[in-house]
Amino acid sequence: MSDETGGKPFAGQVALVTGSSRGIGAATAVALAEAGAHVLLTGRDTKALEAIEEQIYQSGGAATIAPVDLVEPDGIARLATAVSQRWGKLDILVVNAAILPELTSVADIDQRAFNKALTTNVLATQALIANFDPLLRKSEDARVIGMTSTVAEKPRAFWGAYAASKAAGDVLLECYAEETRNTSKVRVAIVNPGATRTAMRARAYPGEAPASVKAPEVVAERLVALLGEQFPSGHREAVNQAA
């Protein structure tokens, strides 16, 4: 993505995308790099992150891999320290990483799996905000995008564990948007990608034809476009383009 002068609209900006080893996260990282941002690739699969980093380099972009398990208590803090020491700011934070527990009735939710989902989908979101807020406030145009799900707003049978964790994560981001609205240049948006061709989607809908839903690149294109807009903090939208 280039601006009208043929330059890179996000040149000089630093972007962190969680869960950027595959799916929407990977596509968003690639699109941000094409737009000129230096992208920090985070996730647990180092080999997959290296593959995305190489793809970005081959396209003339810049990226740095930062393998982090969001469940690990100190991982996010160490990452924030490293970003502070090298860049001294963070312009874009895309909270994309999430865990989908087994779909089951609320009465049958496995507590260990639920705890892991809450840790990744809720506690890690708070930890990202806590550790990167000082760096976001040093940006001239800080943007935070959190990825949500339809079930977070419209509860559905057997989706209780995932829906509850995503709804809680959304509330944290909405509260952060209110807290920073008049005290900083940080702007927060929540985006529902809609039905998208990802591994998580395939696990939830094993009988669905992958080609019947849109590719991750469609969502990434919209996310990068949104990041280039002056959206109001607290903005919410859904990406519902056809495949």
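So, a few notes on the structure that sits alongside this text. (Residues numbered from 1 in each chain as written. Predicted model: local features only at pLDDT ≥ 70, side-chain atom pairs only at ≥ 80, totals over all residues. Heavy atoms only, no water.)

### A few points about the layout of surface pockets
Each pocket or cavity is described by its volume, and for the largest pocket that value is around 1,000 Å³. N96, A98, Y162, T198 and M200 are, among the 41 residues lining the largest pocket, the residues nearest its centre. At the level of secondary structure, the elements contributing two or more residues to the lining of the largest pocket comprise α1 (23-34), α4 (111-136), α5 (150-153), α6 (160-180) and α7 (199-204). The element contributing the most residues to the lining of the largest pocket is α7, with 5 residues. In terms of residue class, the lining of the largest pocket is made up of 18 nonpolar, 14 polar and 9 charged. Of the volumes computed, that of the second largest pocket is approximately 160 Å³. G23, A26, A27, V30, A31, E34, I52, Q55, P216, E217 and A220 together form the lining of the second largest pocket. When contributions to the lining of the second largest pocket are tallied by element, the ones reaching two or more residues are α1, α2 (46-58) and α8 (216-227). Here the element with the most residues in the lining of the second largest pocket is α1; it accounts for 6 residues. Class assignment of the residues belonging to the lining of the second largest pocket gives a composition of 7 nonpolar, 2 polar and 2 charged. (1 Å grid on protein atoms, 1.4 Å probe; cavity = no way out; pocket = protein on both sides within 12 Å on 5 of 7 lines; lining within 4 Å. Points joined across faces, edges and corners; volume = space filled by probe spheres on them. Helix = DSSP H or I, 4+ residues; strand = E, 2+ residues; numbered from the N terminus. Nonpolar A, V, L, I, M, F, W, Y, C, P; charged D, E, K, R; others polar.)

### Quick look at the sheet that holds strand β5 (residues 143-147)
Read from one edge to the other, the open sheet built from 7 strands follows the order β3-β2-β1-β4-β5-β6-β7, with strand pairing classed as parallel. This sheet does not close on itself; its edge strands, each paired only once, are β3 (62-67) and β7 (235-238). Going across the sheet, the axis of each strand differs from the next one's by a mean of 15°, ignoring polarity. Those strands touched by α6 are β5, β6 (187-192) and β7, and its axis lies near 155° from that of β6. Most of the contacts of α8 go to β5, to which it runs at about 150°, and overall it touches β4 (92-95), β5, β6 and β7. (Pairing = 2+ DSSP bridges. Axes fitted to C-alpha atoms, helices over the stretch in contact; angles between N-to-C directions. Contact = heavy atoms within 4.5 Å.)

### Section: the packing of aromatic side chains
Using the criterion set out here, one finds 2 aromatic pairs in the structure. Centroid distance W159 to Y205: 6.0 Å. Interplanar angle 35°. Geometry classified as tilted. You can see W159 sitting in the loop between α5 and α6 and its partner Y205 sitting in the loop between α7 and α8, a full 46 residues away along the chain. When its relative accessible area of 11% is taken as the criterion, W159 is described as buried. You can call Y205 partly exposed: its relative accessible area is 28%. A cation over an aromatic ring shows up here: R156 above the ring of W159, its NZ or CZ 5.4 Å from the ring centre. Its end group placed over the ring of Y205, R201 keeps NZ or CZ at 4.0 Å from the ring centre. (Phe/Tyr/Trp six-rings, centres within 6.5 Å; stacked < 30°, edge-to-face > 60°. Buried < 20%, exposed > 50% of the residue type's maximum accessible area, 1.4 Å probe, protein only. Lys NZ or Arg CZ within 6 Å of the ring centre and 35° of its normal.)

### Things to note about unusual backbone geometry
In this model, F158 sits at a positive phi of 75°, which is unusual for a non-glycine residue. Within the secondary structure layout, F158 lies in the loop between α5 and α6.

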